[in-house]
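# Architecture at a glance
As a plain string of letters, each chain reads:
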There are 2 protein chains.
Amino acid sequence: MTSTRTAAVPRSALDRLLRPESVAVVGASEAPGKLGSVMLAAVGRDGATATYGVNPRAERAGLHRSLRSVIETHGGPVDLAVLCVPASATPQALREAADCGVGAAVICSGGFAEAGEEGAALQAQVADIVAGTGIRVLGPNTSGFFRPGGVTVSFVPTVRHLIPGSVAVVAASGGMNHALSFLLSEHGVGVGLGVGLGNSVDVTATDVLRHLREDPSITAVALHVEAVADGVALLSAIRAVTAVKPVVALVVGRSNVSAFAASHTGALATSWHTTRSLLAEAGAVVVDSETELAEAVAVLSRTRLPATPAAGVGVVTAQAGPGLVVLDHLLAHRVRVPRLMPGTQRELARVLPPMTYQANPVDTGRPGPAFDAVLSATAADPGIDALAVYALAEPDAVDLADAVHRAGVHERLPVVLALGGPRAARTDTAARAADLGVPVLAGPTALGIGLRALAADARSRWLRSETAAERPILAPALPPVPPISLPADEAVAKDLLDVLGIATPPRRVCPDRAAAHAALRELPHPVAVKILDATVLHKTDIGGVHLNVGSTAELDTALDALDALGAPAYLVESMADDGVDLFLGVRRDPVFGPIVVAGLGGIAAEAIGDVTIRSGAVTVAGAAAMLDELRCAPLLFGGRGGPVLDRDEFARAAVRLVRYLTEHPAVDDIEVNPLRSTAAGLIALDAVVLAASHRLEGELP
Amino acid sequence: MTSTRTAAVPRSALDRLLRPESVAVVGASEAPGKLGSVMLAAVGRDGATATYGVNPRAERAGLHRSLRSVIETHGGPVDLAVLCVPASATPQALREAADCGVGAAVICSGGFAEAGEEGAALQAQVADIVAGTGIRVLGPNTSGFFRPGGVTVSFVPTVRHLIPGSVAVVAASGGMNHALSFLLSEHGVGVGLGVGLGNSVDVTATDVLRHLREDPSITAVALHVEAVADGVALLSAIRAVTAVKPVVALVVGRSNVSAFAASHTGALATSWHTTRSLLAEAGAVVVDSETELAEAVAVLSRTRLPATPAAGVGVVTAQAGPGLVVLDHLLAHRVRVPRLMPGTQRELARVLPPMTYQANPVDTGRPGPAFDAVLSATAADPGIDALAVYALAEPDAVDLADAVHRAGVHERLPVVLALGGPRAARTDTAARAADLGVPVLAGPTALGIGLRALAADARSRWLRSETAAERPILAPALPPVPPISLPADEAVAKDLLDVLGIATPPRRVCPDRAAAHAALRELPHPVAVKILDATVLHKTDIGGVHLNVGSTAELDTALDALDALGAPAYLVESMADDGVDLFLGVRRDPVFGPIVVAGLGGIAAEAIGDVTIRSGAVTVAGAAAMLDELRCAPLLFGGRGGPVLDRDEFARAAVRLVRYLTEHPAVDDIEVNPLRSTAAGLIALDAVVLAASHRLEGELP
């Protein structure tokens, strides 16, 4: 084995890790079945990579006694060292690799942070060596990575069965890297790179994503996320990647799996809901299972919509029942299936038999010679941005791939096929469709998922582009905000909201009963009378809020009650109009920094999890789109005779609050609850501002 | 072709339809590709079925000019006529078949109720012939049915690729019958019968289910539901079937697909949420997609848990990442993954390397010789009712099916395997597992879905058995209820609740102001003062409710306001204690008859769809279990310091209300909202009773 390295162009450390031209397997072994033996064989199988085995007790020709001797043979430092030594021997081996100018190392062993105190100490040593030497490390506790058709740095021999292709799998765990890569292969989707991150002592998903952005051989990324350490950096990387190629993300940890997860990665799981929401905001298509991931990637690796807020899908189906499943899936996930234009319907009526449904879905009956014309007519409808086509594969019926090819619709818009029927009857069509760059899925629900992915990917790019280009006026800079004293009472909190342009009721801070009576005289009636005490977080729970006070007698009764609570002062304010109560909070997430959380007010929404979350980087357009995610959205826009919420007013409030939080590290949490939507606009009826040291636990959804 | 019929045992009409010994294809044709030609060939392919072609213009030997001549040849009436004639010729052909003593007919043509007025008239003619003659009809608008390995009455030639087996597919549409059957085959699950119901002018899913209950060759049923006409009968059939074999149901229509659905089946879609809930109550395992259906059926057709309320699942995984996906799926769907007993963990520690997680999930690392012992130890844990096992299929690692076989765990409890890796590496293991009766799925989420299905199936049988055997005392007969006048005002409604044993606040009906003042003096303070008018359904919306009235001045203000509304009388009642507000309603569903609907009070729960639904047949145990389905459940049982709801008290209220509705057809709807959960128990703060003719539209979730 000789060096093929030219060294003319300086290569990045991630290149040397993930596209190594020379690899040394440290701990290489002759014993069959041992890690060092399996790994050496796997790396060496790729003829293009210079491969060396290192073992201090080397007895066999071809194994080197040390990395130094590899340098001599190779004529310079190798790109990558694969450490197949026990955890306890790893720090020393890593230091030696760094000393030998090796660019990066893969640490396969377990026994680090995931395995208790002793392992955590070993992992800290590894981290120190990384920090001190600049060597990059993948792992520990990973099965490695592979490039089907290229180098394999993985001890799983079956990866040679993977179809080479253009999808990168970036998985938190080695096991999921393999599970996802094989699943993609089974969906006919080729893999260009599969990486299992393991404990991520150094190289994280963020690093790999940045690397992949620049890799022209990769057209889509399948991302598996367990725990995120570098939230803000990850979001930034996803934004950068999705601007040029799609990312589909599966986030694990919906339930409380932390005991097992900690044992597995050594990291604590963060909020699942927050992670999903913020990844989606950054541009990833977030899915619910590994099969959904495979289906979304199968589509997005081959075709992508232009940025558009709400793509219209044309559904063409040869069988009504499966077409109904596709339609149901799309509508339930708020994907538009617009009624076709009269002209389109006339054209369809011309080519289809009567008694089929032609408005969208288009029910063709068994595909016949007219199928090309149906595809062309539906694709030409001005409301249609993408086509979803389902049929049972039948040997004597029209071949769907051929029909697409003849109609040429795949050159005008994204077309996704789904075929029912036996595998044998589907294979040919699927192969021909693949040649056209047209994705083929396996059933009606998969077709729905694929189209959802297309629409979501296009929408998130639109949200970013549209905001940047057209609506900057809606996101003015923060006004100058005078410093506030912390802890803040309700009056201080509402004064802050006033400065931020969020309406509050007319009010008076009343140090004594006389002031309260004066306030009752001067403010519009009726009023709310509340305890004013920054140390009381839940005023209502202790009887500290009296509503609808209209008379002096009622006021005295209320004040008596507040005095009994030891109220240091009273807040008297006019009652607001009726409306729908929301909550809007900005919080400092331990992983992602400032976030915005909103939902329906009251106890139900947070308990049910019907909340919407965005990052501190949220735009006004992005904040306005939050409301669409709430299941209770119909209630906010005139449902049950209620007021219609002004999206932009809500969005400006959210953006200003989170910008304030971003610029004021002493504040940890601002909760406006309720933020009432009235016919006259939004008004904040209560607000809490918490200093960084007073953070409430357990209130994040 | 000669008759093989013995006629010794009288056969049911459904037997003659779905297990025909003789079939006549009416409209048989010689022209290749025509329905009558394809169908004749398909039926004739099965040598065991006597097959005849009928065509009045018969020119070819072997085709008969009429059904009469078939009788002569056959030596008696054939079991089944397959009508391959246009819709317009169908009624005449059907009548002729009935006249010839044919037991049943399949009508393949479209052009009936799904295709407008003219088609609906033809379908009505078909219905009349069914009613008048007793002939049974499958269809119209169906591709038919098939028994892989037996008779095929379907015009789709690829059904010959289906694996024969023991699962019955009962699909609303012919297209979904095929899609599901092929999908099952692809999952290695054999199909014993696949039926597409089409327009269901006669034979419904209910009929087929009843038939399948008695068919020993069928071990599980995959049910696809679009619209239900005979709700109560369907539920009864599902209860009967699930007592002896599992039913997995996919209900379409989550979104508003009614325009297309009506075009497809001629029937209006009913409430998706209600259908799903009631099918699950009756014992079906309800799934969300056709892939989930295939995975659930793959498991339940091979193994079933004994009836148990909350099965404990042991998760054994060779890779931590996929194991985490399984765990997350199970916990997110409230399936128990109990911590293993100390003795089990000691045994696992003995056979597994240190640093793996052994508490459940059990992380084995790459399967080695100890794998058998891991399976045995986990299966022997007293908290474990079923095993979920995941591994990447690797040629040199221990074969999972062999390990199960050696450990013999599949003989003690249900074991489900999932294999990652390339298809080639999985095939052998899957085949050996199938021989053991052990289901094999394709990935971690599929494994989670399979175990969920096992647990759900076991729980619904437990809910029925447990109630019947142990808790009859909780469901006493309804007390005698005096007749109530309709429309009922709030006082009448609350008197009814009192009789039914549902607590209400102390109150007075006050015809005038003096009576109201007397009530204020006599009732515990403070009181609510409300307009009493049966014609006012939303009292709060019009200002007809005044809360927290404590003084005579406040009472006069309230009465003035009510007088301004033209209140015919006042209701004065004591305010209840604080608590959590629920709603509990019983309604007459157009498809399923009386149903119970409950959720959190206020506007959010119904808007979000966080409601739980049961049928009029609900038991006390079943009603108590409703609460577990609510996402807001934590709020009901002491969450945020609130009161703990008494499940049995809630359940008795629900059961009594729905029994009352069942026995009183003049009442259509009783809504208790709010039904407040307080420290002292449940108390109904408002109630509405609607007569059958005053039914509110659009309030069903």
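Thresholds applied
Counting starts from 1 at the beginning of each chain's written sequence and moves along it residue by residue. Whichever chain is written first is A, and whichever ligand is written first is 1; the rest continue in order. pLDDT decides what is reported in this predicted model: residues at 70 or higher carry local features, side-chain atom pairs at 80 or more are listed and counted, and totals for whole chains, interfaces and linings draw on all residues regardless. With hydrogens and water stripped out, all remaining heavy atoms of the structure feed into the side-chain values. Going along the chain from the N terminus, every DSSP run of H or I of four or more residues is numbered as a helix, and every run of E of two or more is numbered as a strand. For each residue, the accessible area found with a 1.4 Å probe, counting protein chains only, is set against the maximum for its type, and the residue is called buried under 20%, exposed over 50%, and partly exposed in between. Residue contacts are defined here by distance: any two heavy atoms, one from each residue, within 4.5 Å place the two residues in contact. Two parts placed together each lose some accessible area under a 1.4 Å probe, and adding up what both lose gives the buried area. Only one rule defines a salt bridge in this text: a Lys or Arg side-chain nitrogen within 4 Å of an Asp or Glu carboxyl oxygen. What qualifies as a polar contact is a pair of N or O atoms within 3.5 Å, subject to a donor-acceptor requirement within protein and to the restriction that residues adjacent in sequence count only when both atoms come from side chains. Superposing the copies works by least squares over the C-alpha atoms of residues that have pLDDT at least 70 in both of them. pLDDT is defined as a per-residue confidence score from the predictor, taking values between 0 and 100. A domain assignment, automatic or from a database, supplies the domain bounds used here. Here, strands pair whenever DSSP counts at least two bridges between them. Convention adopted: a line fitted to C-alpha atoms gives each axis, helices being fitted over their contacting stretch, and angles between N-to-C directions are expressed from 0 to 180 degrees.

Under an unreviewed UniProt entry, the name given to chain A is Succinyl-CoA ligase [ADP-forming] subunit alpha, and the source organism is Nocardia cerradoensis.

For the rest of this paragraph, the subject is the overall build of chain A. Looking only at helices and strands, chain A has 24 helices and 28 strands in total. C-alpha extents for chain A along the principal axes are approximately 100 × 75 × 40 Å. Taken over 701 residues, chain A has a buried fraction of 59%. A fraction of 70% describes how many contacts in chain A between residues 6 or more apart in sequence connect residues 24 or more apart.

At the junction of the two partners, chain B supplies 70 residues and chain A supplies 71 residues. Each partner contributes to the roughly 5,900 Å² buried at the junction of chain B and chain A, and carbon and sulfur atoms together form 72% of this total. Across the contact surface, chain B and chain A share four salt bridges. For Arg426(A), the salt bridge is made with Glu186(B), and the minimal N-O distance between the two is 2.8 Å. Remark: the boundary between chain B and chain A carries 10 residue pairs in polar contact (both at pLDDT 80 or more).

Residues and elements named next belong to chain A. Checked against the element boundaries, Val509 lands in strand β19 (residues 507-510). Using a relative accessible area of 49% as the deciding quantity, one classes Val509 as partly exposed. Beyond its immediate sequence surroundings of up to four residues, Val509 is in contact with Ala491, Leu532, Tyr570 and Leu571.

The next point concerns the relation of the copies chain B and chain A. These two copies of the chain differ by a rotation about an axis and a displacement along the same axis. Rotating chain B by 180° and translating it 0.1 Å along the rotation axis places it on chain A, where the RMSD comes to 0.1 Å. Each copy turns onto its partner about a two-fold axis. The C-alpha atom lying nearest the rotation axis in chain B is that of Ala604(B); the distance is 3.3 Å. Both copies present the same face, since 100% of the interface residues in chain B are matched by interface residues at the equivalent positions in chain A.

Take the confidence of the model for chain A next. Residues and elements named next belong to chain A. When pLDDT is averaged along chain A, the result is 90; 93% of the residues meet or exceed 70. pLDDT under 50 marks residues 264-270. Its contacts with residues more than four places away, or in other chains, come to 23 contacts. Low pLDDT (under 50) marks residues 694-701, which in the prediction has 19 contacts with non-local residues, meaning those over four places away or in another chain.

Time to look at the domain arrangement of chain A. Along its sequence, chain A is carved into domain 1 (10-143), domain 2 (162-301), domain 3 (306-468), domain 4 (506-574) and domain 5 (580-691). Computed from C-alpha atoms alone, the centre-to-centre distance between domain 1 of chain A and domain 5 of chain A is 49 Å.

Residue and element names in this part refer to chain B. Pairing in this open sheet of six strands is parallel, and the strands run β3-β2-β1-β4-β5-β6 from one edge to the other. Each edge of the sheet is formed by a strand with only one pairing partner; in this case those strands are β3 (63-64) and β6 (136-138). Lying on the sheet, helix α3 (residues 67-74) is in contact with β1 (22-26), β2 (50-54) and β3; it crosses β2 at an angle near 150°.

Before going further, it helps to examine the pairing of strand β12 (residues 247-251) of chain A. Residues and elements named next belong to chain A. Across the five residues that make up β12, a large majority, five, are buried. The alternating pattern of β12 places Val247, Ala249 and Val251 on one face and Val248 and Leu250 on the opposite face, and all of these are buried. As judged from the five bridges shared by strand β11 (residues 220-225) and β12, these two strands associate in the parallel manner. The partner of Val221 across the bridge, within β12, is Val247.

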